[in-house]
Amino acid sequence: MVNTTYELKDEQKQELSSMFGKGVNFSEKERHFYTHDVGALPSLVKRMLGNTKPAAIVKVLNEEDAVKLVNFARRHSIPLVPRAGASSGYGGVIPTKGGIIADMTPMRKIISIDKDKLRVTVGAGIIWYDLETKLNEEGLSVQAVPSSALSATVGGWLAQNGVGYGSYEYGWSQDTMESARVVLPNGEVRDFSGDELGKIVGTMGTVGIITQVTLRVREHEKNAAISAQFPDAQSMQAAIEKVGQKKIPIWAISFLNPQWANMKNQAPPKTHYGEPVDNHRPQLPESYICNFVYPASRDVSGLQDIIREAGGEVLPQEIAEHEIEEWFRSMKVKRLGPSFIPAEVVVPVNKIGSVFDDIGRKIGLPVLVEGMVVKGDEAVMLCFIPHSERSFRYNLAFPLALSIVKIAEDNGGRIYSSGLYFSKQAEKVFGGRLAKIRELKKSTDPNDIMNPETLTGKPLMQTGLSFAKAFEPMARAMGNVSGVSQQDFREEKGIPGDIVSHAFTCAQCGYCVNECDQYYGRGWESQSPRGKWFFLKEYFAGRMELDQEQADTFLACTTCEMCDHYCQLDLPIERSWMTLRENLVQKKKMMTIPPFEIMAQSLERERNIWANYKKDRDMWVPDDIRAKIKDKAEIAYFAGCTASFVEKDVAVGTVRLLDEAGVEFTYLGDKESCCGIPMLVAGKWDLFEKIMKMNTANMQKKGVKTVVTSCPACLLMWRTIYPQWAEKLGIDYGIEAKHYSEILVDKLDVLRPKFKQPLNKVVAWHDSCHIGRAGAGIYDAPRELLKAIPGVEFREMEHNRERALCCGSVVTLIDEPKVASKIGNVRLQEAKDQKADIMAALCPCCLVQFRVAAKDNNVNIEIQDLGALAARSLGYDIPDTTNVALEAWVTFEKMIELMEPENMTEMMVELLPDMIGAMPSYMRAMMKTVKYVPGMDALMKPMMPRMMPLLMPSLMPKVMPKMLIAVEKRVPMPAHMKEQMPDLMPAAMGNLMPNMLPQIAPLLTPKMIEYIKAN
């Protein structure tokens, strides 16, 4: 039988690494993120599960990888657990015997589309939402789609077997699937279709790894909907039954109970930088609500008569439209939880009313119910009981889920799925298929390699569930009095109470994972927003440590807010990470991303992040424009650091356009400071406050009422963050901010006749995060300006507007340049897919990032600034600054490289003679004994990591001259930076060393001992 495996042997690790390279992860910390699914289990149940930490995670890129991994697991008798979206709560991805997690998410390609036969073949890891989006472009749609479409995968839905929107017409997931390709536990690759498909449906990865699925699809058509309210569940049931009897051509029927409707009405609004987003949300009646959805061309006459005859009332159309918009956001009501006790059951349609009555009569706590009607007169009811997983009462209330299952069974229904927790229900779930599934499992996996215990159950847990079921009336009585009041979250372990609340509210649904650049750039669950929320819960429970490595995952977020856009609970995710930046760096005194320290010192001295002189800040200004700049004016142009010193084409193009449009403006010149956003994301909020006050005061001295920016991040600061800080600090602000494209779009009647140089190029447009989704929500103005340039063939990229992908800068670029290059290349390839000659943007930092990424990835495409393109069309000769940006980046890249622990150690080895020479005499005497006294080197090894933090403050000033020389050898610097390094480096290193030494000391100590012995 399979071996329980929580740690691999060294030779097994080496073998896996040779096969999968960077696609395998053995980190103990990372493995902890793969111990769970979406379910929040009570503490007593968790104990029954035991250790669920895998020994490794392997990313499966293709079928060949799957075969290699299966053969490895079989050869070494190691459990293998397939995992994709992890959006289910039945324990199907929980490695109860450890082993290897097979991460199937990379297998997400559309392999082929057959429009004639209405078939599509896809990789099993493709996400439903992405598939539907791509199919819509081809005039097609899936037949049915799960309610978790933004995270659920096609292979996962087949492995789970489920229902979704469209199941009223097309049935269960298996009914919409033509065939599947599976790597069996014996290494064989087999295609399953027809009746044979039943051998793998719902088996949760226990019979093999699904690599490919062929789906039946339909012609795409816009949906229409009618929503109705009913006074009770019986009248709603009557309407649903009548729709079936009358054969009204409905595609999907979903419903919810009054408690769910009430919770939806109470759910907090979505916020942006702490302010509610003005998004009208219709109030739902506190009734039973049923939604009937159908392709718009279908004749559903008679439906409204059926609703009225059953005692219902047709609701306003805005409610029907809103309910369709909210299809994939069911869990929003969890904001009021914060935890849910789930129960999911299948019941006959003619028993819907009876089930609701029994739940109301037998369950003493509030039960929220959302249901879907399935072809064949079945309905799936997803039930949630609001509670708190942090309360011991959660253990007592949790058995109420079993009571709901019993209510379903008493009414001719069953549990929705079996899985790890309900394996004893397998016969009811699988019916006649179970014998064939067991036969396949026995013949191909006699040692139970694939996802052991998932369909057979964990003995201790099965005993506990059997006990709870046997004493269901008693357990129900205890559960009914085990509710909790509204939870009040306070600061915990130094983490603010609102962030504690969000951590427990997070549904772990995975909507935030797929498009998170921090995740797809690095590839591991710990980097995703979902992973960070999970970490916080584990940190509060004392199961994980908040060390520098974990702090780095919060700091590395690029602030793109893609997670906020997709979060179905509307959690303020990025704002939470922003709060943690200050909390970790300033309050907990942890290390920020090292290059930020050099930037901070440059800001303190010269007001910019590029280590240039402030006297040179306005050198970019053309002479003829300089003569027109007003000393005082109501409008001011704010260039920002990168446009002033590196991407000067941005600043020059902007002022040329403003001037040609007849806009008079002033400019701070060498009194302009960085907008401060680098210090905000670095967690150095004290310095940000200083900068914000300085910029605000300087603008007010010039009588400025409107600040115009070219940089989206600068716009965010002036438009949103500065006013918030001004209010907090009691400063009179009175400044509005606009992007230059907003100003110029109203001046196109003036500009358009002046455009004379046609571009004659295909241009793809990049929506920078802080101009759109993560900032001012400006999408149309830049497009209109770009399209106004003659000879522009405009192309939208696949991800655009609020769905636009992040470029990967600034945080990732200065933290892990190689990762940033990977992220940037994803976006570049979208532009290449549009056959673009140019990818245009308007953010100076995006331009730097894309120009670097294009060079690193050998992508032949021009990266150009919108303002520069438009100004060149006006006839101005504005030099391309690509090479300037690349040269400036080399310095930063080498500095970042130097600050990695291994490279810092190598430099300090070079400084050892000076470091030892600067030590106190007693320390030097002690070190000499290492050479002559046996065993002293062994004593030194644990001692030096503790001594170094004490010694460094006195050593650094003495070795700094030599350190500066060593840095100059490794980092090519322009003259202005080299001149400033004696002032910048000491303070930066003084801030960094206390946190870097724990990383460096273990590497440096053995080299120091070697040096002492040799010298």
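Thresholds applied
Sequence positions are assigned chain by chain, starting from 1 and proceeding in written order. Per-residue local features are limited, in this predicted model, to residues with pLDDT of at least 70; the limit for side-chain atom pairs, both in listing and counting, is 80 or more; totals at the level of whole chains, interfaces and linings are taken over all residues. The side-chain numbers reported here are obtained from all heavy atoms of the structure, hydrogens and water having been left aside. A run of H or I in DSSP counts as a helix once it spans at least four residues, and a run of E counts as a strand once it spans at least two, with each numbered from the N terminus. Every radius of gyration here is taken over C-alpha atoms, with the globule rule written as 2.2 Å times N^0.38, N being the number of residues. Burial classes follow relative accessibility: with a 1.4 Å probe on protein chains only, a residue under 20% of its type's maximum area counts as buried, one over 50% as exposed, and anything between as partly exposed. In this analysis the probe radius is 1.4 Å and the grid spacing 1 Å, with only protein atoms considered; a cavity is a set of points the probe fits into but cannot get out of, a pocket is an open set with protein on both sides within 12 Å along at least five of seven lines, and lining residues have an atom within 4 Å of a point. Grid points are joined across faces, edges and corners, and a volume is the space filled by probe spheres set on the points. Classification used: nonpolar for Ala, Val, Leu, Ile, Met, Phe, Trp, Tyr, Cys and Pro, charged for Asp, Glu, Lys and Arg, polar for all others including Gly. Strand pairing is defined by DSSP finding a minimum of two bridges between the two strands. Salt bridge, as applied in this entry: a Lys or Arg side-chain nitrogen positioned within 4 Å of an Asp or Glu carboxyl oxygen. To define axes, lines are fitted to C-alpha atoms, for helices over the stretch in contact only, and angles between the resulting N-to-C directions are given on a 0 to 180 degree scale. Oblique is the label for every angle not falling under 35 degrees (roughly parallel), over 145 degrees (roughly antiparallel), or within 65 to 115 degrees (roughly perpendicular). Two residues qualify as a contact provided that any one of their heavy atoms is within 4.5 Å of a heavy atom in the partner residue. Two cysteine sulfur atoms form a disulfide, by the criterion used here, when they sit within 2.5 Å.

### Some remarks on the overall build of the protein chain
Per the secondary structure count, the protein chain includes 44 helices and 28 strands. Since a compact globule built from 1015 residues should have a radius of gyration of about 31 Å, the 31 Å found for the protein chain is in line with a globular shape. Taking the principal axes of the C-alpha coordinates as reference, the protein chain spans close to 85 × 80 × 55 Å. A burial count over the protein chain gives 62% of its 1015 residues as buried.

### Observations concerning empty space enclosed by the protein
In total, this model carries 11 cavities of 30 Å³ or more according to the counting rule given. Of the pockets and cavities examined, the largest cavity occupies roughly 520 Å³. Taken together, 37 residues form the lining of the largest cavity, with Ile677, Ala713, Ser809, Val810 and Cys845 sitting closest to its centre. Listed by contribution, the elements that provide at least two residues to the lining of the largest cavity are α25 (595–606), α27 (641–645), α29 (677–682), α31 (712–729), α35 (811–815), α37 (844–856) and α39 (882–898). Counting residues per element, the lining of the largest cavity draws most heavily on α37, which supplies 5 residues. A per-class count over the lining of the largest cavity returns 30 nonpolar, 7 polar and no charged. Estimated volume of the second largest cavity: approximately 140 Å³. Lining the second largest cavity are 17 residues, with Ala84, Gly85, Thr105, Val513 and Tyr519 positioned closest to its centre. Residues that form the lining of the second largest cavity fall into these classes: 5 nonpolar, 7 polar and 5 charged.

### So, the pairing of strand β21 (residues 635–638)
With 4 bridges connecting them, β21 and strand β23 (residues 706–709) associate as parallel partners. Directly across from Phe638, in β23, lies its bridge partner Thr709. Here β21 runs beside strand β22 (residues 666–667); their pairing, made up of 2 bridges, is parallel. Counted as the bridge partner of Tyr637 is Tyr667 from β22.

### A look at the pattern of salt bridges
Counted by the stated rule, this structure contains 65 salt bridges. Of the charged contacts, one joins Lys761 and Glu862 as a salt bridge, the two residues approaching to 3.3 Å between their closest N and O atoms. Linking Lys761 in strand β25 (residues 761–765) with Glu862 in strand β28 (residues 862–865), this pair joins segments that are 101 residues apart in sequence. Accessibility expressed as a relative area gives 28% for Lys761, which makes it partly exposed. According to the relative accessible area criterion, Glu862 is partly exposed, its value standing at 32%. Connected through salt bridges with shared partners, the residues Lys270, Glu326, Arg329, Lys332 and Asp570 form a single ionic network.

### Looking at unusual backbone geometry
The omega torsion of the bond from Gly337 to Pro338 falls at 5°, within 30 degrees of zero and hence cis. If you trace the backbone, Pro338 turns up in the loop between α11 (317–325) and β17 (339–348). Backbone torsion omega between Ser809 and Val810 reads 0°, so that peptide bond is classified as cis. Tracing the sequence through the fold places Val810 in the loop between β26 (792–796) and α35. In this structure, Glu561 takes a positive phi of about 65° despite not being glycine. One can find Glu561 in the loop between α22 (548–555) and α23 (562–566). Assessed through its relative accessible area of 6%, Glu561 is described here as buried. Positive phi outside glycine occurs at Ala611, with the angle close to 60°.

### Examining the sheet that holds strand β3 (residues 80–83)
With mixed pairing, the 4 strands of this open sheet are ordered in space as β1-β2-β4-β3. Strands with a single pairing partner mark the edges of an open sheet, and in this sheet they are β1 (24–25) and β3. Alignment of β3 against strand β4 (residues 100–103), held across 4 bridges, turns out to be parallel. Residue pairing in the sheet places Pro82 in a bridge with Ala102 of β4.

### Some points on the packing of helix α30 (residues 685–701) against α31
Contact geometry for α30 and α31: axes closest at 11 Å, N-to-C directions at 100°. With respect to each other, α30 and α31 are oriented roughly perpendicular. Of the residues in α31, those touching α30 at Trp685, Phe688, Glu689, Ile691, Met692, Lys693, Asn695, Thr696 and Met699 are Met717, Trp718, Ile721, Tyr722, Trp725, Ala726 and Leu729. By residue class, the composition of the contact of α30 with α31 is 12 nonpolar, 2 polar and 2 charged.

### Overview of the state of the cysteines
Taken as a whole and judged by the stated rule, the model has 0 disulfides. Sulfur of Cys383: no disulfide; nearest cysteine sulfur belongs to Cys290 and is 16 Å away. Counting only cysteine sulfurs, Cys560 is the nearest neighbor of Cys516, a cysteine outside any disulfide, at a range of 6.5 Å. We classify Cys516 as buried; its relative accessible area is 10%.

### Here we look at the side chain of Glu830
Mapped onto the secondary structure, Glu830 falls in helix α36 (residues 817–833). In contact with Glu830, not counting residues within four places along its chain, are Met797, Glu798, His799 and Leu805.

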